[in-house]
Amino acid sequence: MTTYDLLITNGHVLDPGSGLDGKRDIAISGGRIAAIEPHIDPAGASQVLEIRGTDRYVVPGLIDIHTHVAHGATTAGVGMGCCDPDAIGVRSGVTTLVDCGSVGVANLGVFPTHILPKARTRVSVYVNVGSYAHTMPGPADVYSLDDINPAAISACAEHNPGLISGVKLRLVGGIVDELGEEMVTRSKAVARELGVPLMTHIGDFFGGRASRAERLAEVTQFLIKTLEPGDILTHLCTPNLGGVMDRLTESLANLREARDRGVTLDPAVGMGNFGYDVAREQAERGMFPDTISSDLTAPGQKFHSLVECMAKFMAVGYSFEDVVKMTTANAAKAIGQADELGALAVGREADITVLDLVRGDFTFRDTTKKWFRGEHGIVPVHTVKSGELVPPQWGPHPWGWLPATAETP
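What you see is a predicted model; the values in this text were computed from it and never measured.

About the thresholds
Residues numbered from 1 in each chain as written. Predicted model: local features only at pLDDT ≥ 70, side-chain atom pairs only at ≥ 80, totals over all residues. Heavy atoms only, no water. Helix = DSSP H or I, 4+ residues; strand = E, 2+ residues; numbered from the N terminus. Rg over C-alpha atoms; globule rule 2.2 N^0.38 Å. Buried < 20%, exposed > 50% of the residue type's maximum accessible area, 1.4 Å probe, protein only. Contact = heavy atoms within 4.5 Å. Areas by Shrake-Rupley, 256 points an atom, 1.4 Å probe, with all protein chains shown as cover. Lys, Arg positive; Asp, Glu negative; His and termini not counted. Charge placed at Lys NZ, Arg CZ, Asp CG, Glu CD. Axes fitted to C-alpha atoms, helices over the stretch in contact; angles between N-to-C directions. Parallel < 35°, antiparallel > 145°, perpendicular 65-115°, else oblique. Left-handed = near helix turned anticlockwise from the far one by under 90°. Nonpolar A, V, L, I, M, F, W, Y, C, P; charged D, E, K, R; others polar. Salt bridge = Lys/Arg side-chain N within 4 Å of Asp/Glu carboxyl O. Polar contact = N/O pair within 3.5 Å; in protein donor to acceptor, adjacent residues only side chain to side chain. Pairing = 2+ DSSP bridges. Core = buried A, V, L, I, M, F, W, Y, C linked by side-chain atoms within 4.5 Å. Right-handed = clockwise from strand over helix to strand, strands pointing away.

Engineer: Is there a simple way to explain the overall build of the protein chain in this structure?
Structural biologist: What the protein chain contains, in helices and strands, is ten helices and 16 strands. Over its C-alpha atoms the protein chain spans a radius of gyration of 21 Å, differing by no more than 12% from the 22 Å that the globule rule assigns to 409 residues. A total of 409 residues make up the protein chain; the buried ones form 59% of that total. If you take every contact in the protein chain between residues at least 6 apart in sequence, the share linking residues at least 24 apart comes to 75%. Here the protein chain displays about 16,000 Å² of accessible surface, and carbon together with sulfur accounts for 51% of that area. For the protein chain, the centre of its 35 positive side-chain charges and the centre of its 49 negative side-chain charges are spaced 2 Å apart.

Here it is as structure tokens:
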């Protein structure tokens, strides 16, 4: 009799990328998926995980394409506070993370030396194009074009082969008014030289005077038209200056063209770049995000999670299948790993998440401090990373994983 290391049985498998939606058993051997069948004899498994509950789903391992997990690379209380990758990764139902520019080339070495060797979660690294990253997420990472140092980034890549999976630009700060197009052009050239995608943050949380709006909108439209296949525009739903809702008719046309040529549109919810009304209007106009990501930092980790970001988009009007696809198949495609991640298939690495879909009356708050309500919360129940079970931690709220309710103290 075949012996499996782990058998997940009686689960409702929901895998939009593979078209699976129904009861399946999943057998795992040697860290990979060995079989997916309507029924597999549990006698052939060393360990059996039986799924119970009508609203419990087995999905591909969740992928969060915008996080900040350079844990220990920055000084507490100064600039960017980063998360432990496993805290917001495998212990939160997420098997793959992308760190998006938490550090520049001057301190990128923290990843291969201290972070990646300890992490059970898969982590891809996007280097901040501002070579020293300054005090991200403050007013800016780039204060002059000299901060974008192609020679330094190239040397960093040479001495860390295979480490840099992308380049991150935050299109914020006063320099955008004067040199926004040059920032985009130079950053794109750096990414092209490295052969990796460019992810660009839009929406200036520290935007200040409204008189900047027209200039920032102009730069944003230039950016959208500059992005190439594989690039990522992040903070699609920002209500801040420099977002896509200015010059809306032009913006929607340019975004559709960008998507058609292979650019990913990512909302990266975070604490400072998600507007409920923006997300609703975009949905009504047919401008749907390709992915959902959390933009989690150490402060944000105390308030939300990737699964709560998924629930926020369900409150906007997206289905559970939609948000699962955005955090599995679509996310894998966005980071160029659709052949390896984001779907359940025999022979693939066994990255699997078990989720509860909970119905209720939940409340959420966006960047503008607007409260909105939703009928669903999502809770991670089990994570399987490379065939190994990892128990979830307590959720981000004092009461656990579910969003707040009207009755929550």
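From this point on, the discussion continues.
Engineer: Any chance you could explain the packing of helix H5 (residues 213-226) against helix H6 (residues 248-260) here in plain terms?
Structural biologist: Between two packed helices, what matters for the description is the angle formed by their axes and the separation of those axes. For the pair H5 and H6, the least separation of the axes is 9 Å and the interaxial angle reads 20°. By the criterion of interaxial angle, the relationship of H5 to H6 is roughly parallel. Crossing hand, H5 versus H6: left-handed. Where H5 approaches H6, its residues Gln221, Ile224 and Lys225 are matched on the opposing element by Glu250, Ser251, Asn254, Leu255 and Ala258. Taken together, the residues of the contact of H5 with H6 sort by class into three nonpolar, three polar and two charged.

Engineer: What's the story with the side chain of Arg348 in this structure? I'm lost.
Structural biologist: Tracing the backbone through its elements, the reader meets Arg348 in the loop between helix H10 (329-334) and strand E13 (352-365). An unpaired buried charge is present at Arg348: no salt bridge exists, and Asp339, the closest side chain of opposite charge, is 5.2 Å distant. In terms of polar contacts, Arg348 uses its side chain to reach the backbone carbonyl oxygen of Leu341, at 3.1 Å. For Arg348, the residues in contact, after removing those within four places along its chain, are Arg32, Ile33, Ala338, Asp339, Glu340, Leu341, Gly342 and Ala343.

Engineer: Looking at this model, I keep getting lost on the sheet that holds strand E8 (residues 122-128). Mind explaining?
Structural biologist: Backbone hydrogen bonds hold the strands of a sheet together, and the pairing may be parallel or antiparallel. The sheet built from seven strands is open, its strands ordered E6-E7-E8-E9-E10-E11-E12 with parallel pairing. Each edge of the sheet is formed by a strand with only one pairing partner; in this case those strands are strand E6 (62-67) and strand E12 (264-266). Within the sheet, the average angular offset between the axes of one strand and its neighbour, ignoring direction, is 20°. Both strand E10 (residues 198-201) and strand E11 (residues 232-234) contribute to a ladder of three bridges, which runs parallel.

Engineer: Looking at this structure, I do not really get the packing of helix H4 (residues 175-194) against H5. What am I missing?
Structural biologist: It is the contact of H4 with H5, at a shortest axis distance of 9 Å, that shows an interaxial angle of 15°. As summarised for this structure, H4 and H5 are arranged roughly parallel, according to the angle between their axes. The element H4 and its partner H5 pack so that their crossing is right-handed. Counting all contacts with H4, which are made through Val176, Asp177, Glu178, Gly180, Glu181, Val184, Thr185 and Lys188, the residues of H5 involved are Arg215, Leu216, Glu218, Val219, Phe222, Leu223 and Thr226.

Engineer: Would you take a moment to explain the nonpolar core for this structure?
Structural biologist: Within soluble globular proteins, side chains that are nonpolar generally end up buried alongside one another. Residues Leu108, Phe111, Phe320, Val323 and Ile378 are the most contacted members of the largest nonpolar core, which totals 90 residues. When residues in this core are grouped by element, the largest group, nine residues, is from helix H8 (residues 306-316). Non-local contacts of Phe111, meaning those with residues more than four positions away in its chain, are made with Val69, Ala70, Asp99, Val103, Leu116, Pro117, Val123, Val125 and Leu163. One finds Leu20, Leu344, Ile352 and Val354 within the second-largest nonpolar core, a separate group that totals 17 residues.

Engineer: Looking at this structure, I do not really get the pairing of E10. What am I missing?
Structural biologist: In regular strands, side chains alternate between the two faces of the sheet. Residues Leu198 and Thr200 point to one face of E10 and Met199 and His201 to the other, with burial holding for every one of them. Direction of pairing for strand E9 (residues 164-170) relative to E10: parallel, over a ladder of four bridges. The partner of Leu169 across the bridge, within E10, is Thr200. Handedness of the β-α-β unit built from E9, H4 and E10 comes out right-handed.

Engineer: Which parts of the structure should I look at to understand the side chain of Thr353?
Structural biologist: Relative to the helices and strands, Thr353 resides in strand E13. In terms of polar contacts, Thr353 uses its side chain to reach the backbone amide nitrogen of Leu62, at 3.2 Å. Excluding anything up to four places from it in sequence, Thr353 contacts Tyr57, Val58, Val59, Pro60, Gly61, Leu62, Gly93, Thr95 and His382.

Engineer: Looking at this model, I keep getting lost on the pairing of strand E3 (residues 32-37). Mind explaining?
Structural biologist: As paired elements, strand E2 (residues 20-29) and E3 share five bridges and run antiparallel to each other. Along E3, the bridge assignment pairs Ile26 with Ile36. Turn length for the E2-E3 hairpin, with the two strands adjacent in sequence and antiparallel, is two residues, and the turn residue Gly30 shows positive phi of about 60°.

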